[in-house]
Amino acid sequence: MAEFDTDLFVIGGGSGGVRAARIAALHGARVMIAEEYRMGGTCVIRGCVPKKLLVYASHIHHEIEDAAGFGWTIPQVSFDWPTLIANKDKEIARLEAAYTANVEKAGARVVKTRAEFEDAHTLKLASGERVRSKYVLIATGGAPNHGAPIPGIEHVISSNEAFHLPSLPRRILIQGGGYIALEFACIFAGFGSDVTVVYRGDNVLRGFDDDVRAHVRSEMEKEGITILTGCTVKSIDKHGKDFTSHLSNGSSIGSDRVMFAIGRHPNVANLGLEKAGVGINPGNGGIAVDGFSRSSVPHIYAIGDVTHRLNLTPVAIREGHAFADTVFGKRQVHVDHANVPTAVFCQPEVGTVGLTETQARAQFTHVDIYKTTFRPMKATISGRDTRMLMKLIVDATSDRVVGCHIVGDGAAEMVQLIGIAVKMKATKADFDATMALHPTAAEELVTMHNPTARHVRQAAE
Ligand code: FAD
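Peer 1: Residue-level account of the overall build of the chain, with values.
Peer 2: The helix and strand tally for the chain stands at 13 helices and 22 strands. Whereas a compact globule of 461 residues would reach a radius of gyration of roughly 23 Å, the chain reaches 24 Å, a difference of no more than 12%. Relative to its 461 residues, the chain shows a buried fraction of 50%. Summing over all exposed atoms, the chain offers an accessible surface of approximately 21200 Å²; the carbon and sulfur share of this is 53%. For the chain, the distance from the average position of its 49 positive side-chain charges to the average position of its 50 negative side-chain charges is 3 Å.

Peer 1: Now, about the site of the ligand: what can you tell me, with residues and values included?
Peer 2: Taken together, 37 residues sit near the ligand, with Gly-16, Glu-35, Thr-42, Lys-51 and Asp-305 positioned nearest. The separation between an oxygen atom of the ligand and a polar main-chain atom of Ser-15 is 3.3 Å. Within the backbone of Asp-305, one N or O atom sits 2.8 Å away from an oxygen atom of the ligand. Looking at the shell around the ligand element by element, the count peaks at four residues for helix α2 (residues 41-46). The class makeup of the residues in the shell around the ligand is 14 nonpolar, 15 polar and eight charged.

Peer 1: Talk me through the environment of Leu-125; I want residue IDs and the actual numbers.
Peer 2: Tracing the backbone through its elements, the reader meets Leu-125 in strand β5 (residues 122-125). We classify Leu-125 as buried; its relative accessible area is 3%. Separated by ten residues in the primary sequence, Leu-125 and Tyr-135 place their C-alpha atoms 16 Å from one another.

Peer 1: Before we move on, could you go through the sheet that holds strand β14 (residues 257-260) and cite the residues and values that matter?
Peer 2: Sheets are built from strands paired through backbone hydrogen bonds, the pairs being either parallel or antiparallel. Sheet architecture is open: four strands sit in the order β10-β9-β8-β14, paired in parallel fashion. The open sheet has two edge strands, β10 (226-229) and β14, and neither has a second partner. This sheet shows a mean twist of 15° between the axes of neighbouring strands, independent of strand direction. Sheet topology places strand β8 (residues 171-175) next to β14; four bridges connect them, and they run parallel. Across the sheet, Ile-172 pairs through a bridge with Arg-257, a residue of β14.

Peer 1: An account of the environment of Asn-160 is needed here, citing residue identities and associated values.
Peer 2: Among the secondary structure elements, Asn-160 is positioned in helix α5 (residues 159-162). A relative accessible area of 17% places Asn-160 in the buried class. Separated by 291 residues in sequence, Asn-160 and Pro-451 have C-alpha atoms that sit 44 Å apart. What Asn-160 contacts, discounting residues up to four positions off in sequence, is Arg-46 and Pro-144.

Peer 1: How would you summarise the packing of helix α3 (residues 48-67) against helix α6 (residues 179-190) if you had to cite specific residues and measurements?
Peer 2: Their axes nearest at 8 Å, the elements α3 and α6 cross at an angle of 40°. It follows from the interaxial angle that α3 and α6 lie oblique. Handedness of the α3/α6 crossing: left-handed. Side by side, α3 and α6 meet where Lys-51, Leu-54, Val-55, Ser-58 and His-61 of the first sit next to Tyr-179, Glu-183, Phe-184, Cys-186, Ile-187 and Gly-190 of the second. For the contact of α3 with α6, the per-class residue count stands at six nonpolar, three polar and two charged.

Peer 1: Could you give an account of a nonpolar patch on the surface, with specific residues and numbers?
Peer 2: Together, Phe-70, Trp-72, Ile-74, Val-77 and Ile-381 give the surface a local cluster of nonpolar side chains, amounting to about 520 Å² of exposed area. Secondary-structure assignment places Val-77 in the loop between α3 and α4 (81-105).

Peer 1: Break down the sheet that holds strand β17 (residues 342-344) for me, citing the residues and quoting the values.
Peer 2: Spatial ordering of the open sheet is given by β17-β18-β21-β20-β19-β22, a layout of six strands whose pairing is antiparallel. Two strands lie at the open edges of the sheet, namely β17 and β22 (453-456), each paired on one side alone. The sheet shows a mean angle of 15° between the axes of neighbouring strands, direction not considered. Taken together, the eight bridges between strand β19 (residues 366-374) and strand β20 (residues 388-395) define a ladder with antiparallel strand orientation. Paired with Asp-368 across the bridge in β20 is Val-394. Sitting on the sheet, helix α7 (residues 210-222) is in contact with β18 (350-354), β19, β20 and β21 (400-407), with an inclination near 175° to β20. Packing against the sheet, helix α12 (residues 411-423) makes contact with β17, β18, β20 and β21, and its axis sits at approximately 10° to β18.

Peer 1: Residues and numbers for the nonpolar core, please.
Peer 2: If you look at soluble globular proteins, the nonpolar side chains tend to sit buried side by side. In this structure, Ile-174, Phe-184, Val-195, Val-216 and Ile-225 are the most contacted members of the largest nonpolar core, which totals 40 residues. Listed by contribution, the elements that provide at least two residues to this core are α3, α4, β8, α6, β9 (194-199) and α7. Sorting elements by how many residues they give to this core places α6 first, with nine residues. Dropping the residues within four chain positions of it, Val-216 is found in contact with Leu-182, Leu-205, Cys-346, Val-350 and Val-407. Val-18, Ala-20, Val-103 and Val-110 belong to the second-largest nonpolar core, a separate cluster that totals 24 residues.

Peer 1: Account for the packing of helix α1 (residues 15-26) against helix α9 (residues 313-328), with residues named and values stated.
Peer 2: Each pair of packed helices gets described by two things: the angle between the helix axes and the distance between those axes. Relative orientation of the contacting elements α1 and α9 amounts to 30°, with a least axis distance of 7 Å. One way to sum up the angle between α1 and α9 is to call them roughly parallel. Our pair here, α1 against α9, has a crossing hand that is right-handed. Of α9, the residues touching α1 (which contributes Ser-15, Gly-16, Arg-19, Ala-20, Ile-23 and Ala-24) are Thr-313, Ala-316, Ile-317, Gly-320, His-321, Phe-323, Ala-324, Asp-325 and Phe-328. A class-by-class count of the residues in the contact of α1 with α9 yields eight nonpolar, five polar and two charged.

Peer 1: Requested: an account of the packing of aromatic side chains, with residues and values cited.
Peer 2: One pass over the structure, following the stated rule, counts eight aromatic pairs. With a centroid separation of 4.2 Å and an interplanar angle of 5°, the aromatic rings of Phe-79 and Phe-191 are classed as stacked. Residue Phe-79 is found in the loop between α3 and α4, and its partner Phe-191 is found in the loop between α6 and β9; the two are separated by 112 residues along the sequence. Within the aromatic cluster, the residues linked to one another by ring pairs are Phe-79, Trp-81, Phe-163, Phe-184, Phe-188 and Phe-191. A cation sits over an aromatic face here: Lys-428 above Tyr-370, 4.2 Å from the ring centre.

Parameters and conventions
- Throughout, a residue's number is its position along its own chain's written sequence, starting from 1.
- Predicted model: local features are reported for residues with pLDDT of at least 70 only, side-chain atom pairs are reported and counted for 80 or more only, and whole-chain, interface and lining totals are derived from all residues.
- Side-chain metrics rest on all non-hydrogen atoms present in the structure, leaving aside hydrogens and water.
- Secondary structure elements are defined from DSSP: runs of H or I of at least 4 residues count as helices, runs of E of at least 2 residues count as strands, and each element is numbered from the N terminus.
- We compute the radius of gyration from the C-alpha atoms alone; for a globule the expected value is 2.2 Å times N to the 0.38, where N is the number of residues.
- Exposed residues in this analysis have more than 50% of their type's maximum accessible area, buried residues have under 20%, and partly exposed residues fall in between, with area computed by a 1.4 Å probe over protein chains only.
- The protein chains shown are the only cover counted for residues, whose accessible areas, like all others here, come from Shrake-Rupley with a 1.4 Å probe.
- Residues scored as positive are Lys and Arg, those scored as negative are Asp and Glu, and His as well as the terminal groups of each chain are ignored.
- Charge positions are represented by NZ for Lys, CZ for Arg, CG for Asp and CD for Glu.
- By convention in this text, a residue qualifies as near a molecule or strand provided that one of its non-hydrogen atoms is within 4 Å of it.
- The definition of a polar contact used here is a pair of N or O atoms within 3.5 Å, where within protein one atom must be able to donate a hydrogen and the other to accept one, and adjacent residues in sequence count solely through side-chain atom pairs.
- Any residue outside Ala, Val, Leu, Ile, Met, Phe, Trp, Tyr, Cys, Pro, Asp, Glu, Lys and Arg is labelled polar, Gly included; the first ten of those are nonpolar and the last four are charged.
- Note on pairing: two strands pair once DSSP finds at least 2 bridges between them.
- In this analysis an axis means a line fitted to C-alpha atoms, helices contributing only their contacting stretch, and an angle means the value between N-to-C directions, from 0 to 180 degrees.
- Only heavy atoms enter the contact rule, under which two residues are in contact if any of them lie within 4.5 Å.
- For classification purposes, an angle smaller than 35 degrees is called roughly parallel, one larger than 145 roughly antiparallel, one from 65 to 115 roughly perpendicular, and anything else oblique.
- Here a crossing is called left-handed whenever its near helix is offset anticlockwise from the far helix by less than a right angle, and right-handed whenever the offset is clockwise.
- Exposure above 30% relative accessible area and no salt bridge define the residues that can form patches, which grow by joining like charges within 9 Å and nonpolar side chains of Val, Leu, Ile, Met, Phe, Trp and Tyr within 5 Å.
- Each salt bridge in this description consists of a side-chain nitrogen of Lys or Arg and a carboxyl oxygen of Asp or Glu lying within 4 Å of one another.
- Put simply, buried Ala, Val, Leu, Ile, Met, Phe, Trp, Tyr and Cys residues joined by side-chain atoms within 4.5 Å make one nonpolar core.
- Centres within 6.5 Å are what make two rings of Phe, Tyr or Trp a pair, Trp counting through its six-membered ring; a difference in plane orientation under 30 degrees is then read as stacked, over 60 as edge-to-face, and the rest as tilted.
- A ring is considered to have a charge above it if a Lys NZ or an Arg CZ atom is located within 6 Å of its centre and within 35 degrees of its normal.

Structure, rendered in structure tokens:
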């Protein structure tokens, strides 16, 4: 009898697990992958993909509003939430099937069940089956936090439920100031819901560049979204189908939905990690791993959100691929987590790569800032009250562009490409030498010739 039933057992069929299973199988490994819910994981089933479909749908309302200035008369329009949700669900089911088919085509066996460690090499499936594997990859992702158990917490939905609401909320209160909270706030506002965002910090999008945070807040407020900072939801009462949320600042807000998007935690509970000897990173609560995603047990690896490093789909995929190449492809691959471009698909959207101004000024002695805000050309005729923000952060000693932050239509698409330049260590002189593409918003990125601020850090600081 063979010592092991399989070479690799992957726990979790999300972005990272699926990529790792597929590549390991293509390298010739015998692979099993267990998924307890739906293949594709958070990104495909209840994250990036359904979210972006809702973002597209909510933007159509803007297009309709903007049309009048361009001469279009559009008769009374109406929006049907159940149709959108049904069409979104159809697309998600198609993707789920494609994920399963692709991983099976590569030769991996998919088991639709929960898996937990019984010991460092043995996995127990919900069916009772036991599998002994030479290597194990933990790719169990993360889940929404609900925070402290306040009175009425049972009435609160998370992003998971927001994708399946039977009807569009007329009024929704969203607690949270991160990207998921703001994206849903803008989605619902785009469909005409009355939206209030409640956030305990001093401004939304903690961790982003301060100019981006201020700009996004003011643009969202112009769109009619109420943003209350410096307070939290203390309790929630239910009256029939409606709720009243009582806030720490003494005010109360009525709504027909209350959603919390206050962070996510890595899925490490009830996995039997202690039986396998797998250690947790005390700093972030995720599985502790080294630069090659190897856990405290040499044949057990962990990738993606369960490690709580940089919780983004492309990062999980890259980590899964690197793991498979390193362990089964005879090629050690290290994942570089620096300068990862990211977006917030709020309205207007944010694209960002590299350092914020605060980070750059802490890291470099001479920092030049190139910043502009302007009315996008489309808004001149549509009459929409909106402005774009573009900001480049330059290490003035080396002339390298170390950060780029954009708020406005197309920001995410622009920053994906600027990410290449930043990764290649492009200098401000390289940006200046690039001819503008006219008329675009992006041309501002290569035509900001004079710094708007120069910061020199004195040695004593
Ligand atoms: P996941 O995709 O979460 O997959 C983990 C899988 O493991 C799940 O399917 C789960 O059911 C399964 N599982 C857990 N425990 C077990 C077990 N014991 N046995 C069997 N199966 C198990 N990222 C972006 O890059 N861009 C975005 O725009 C973006 N938007 C997002 C929007 C929302 C609302 C959310 C919630 C997330 C978003 N993300 C986005 C983050 C992105 O979805 C995650 O970073 C990514 O899915 C992580 O992949 P993963 O493989 O680590 O885990």
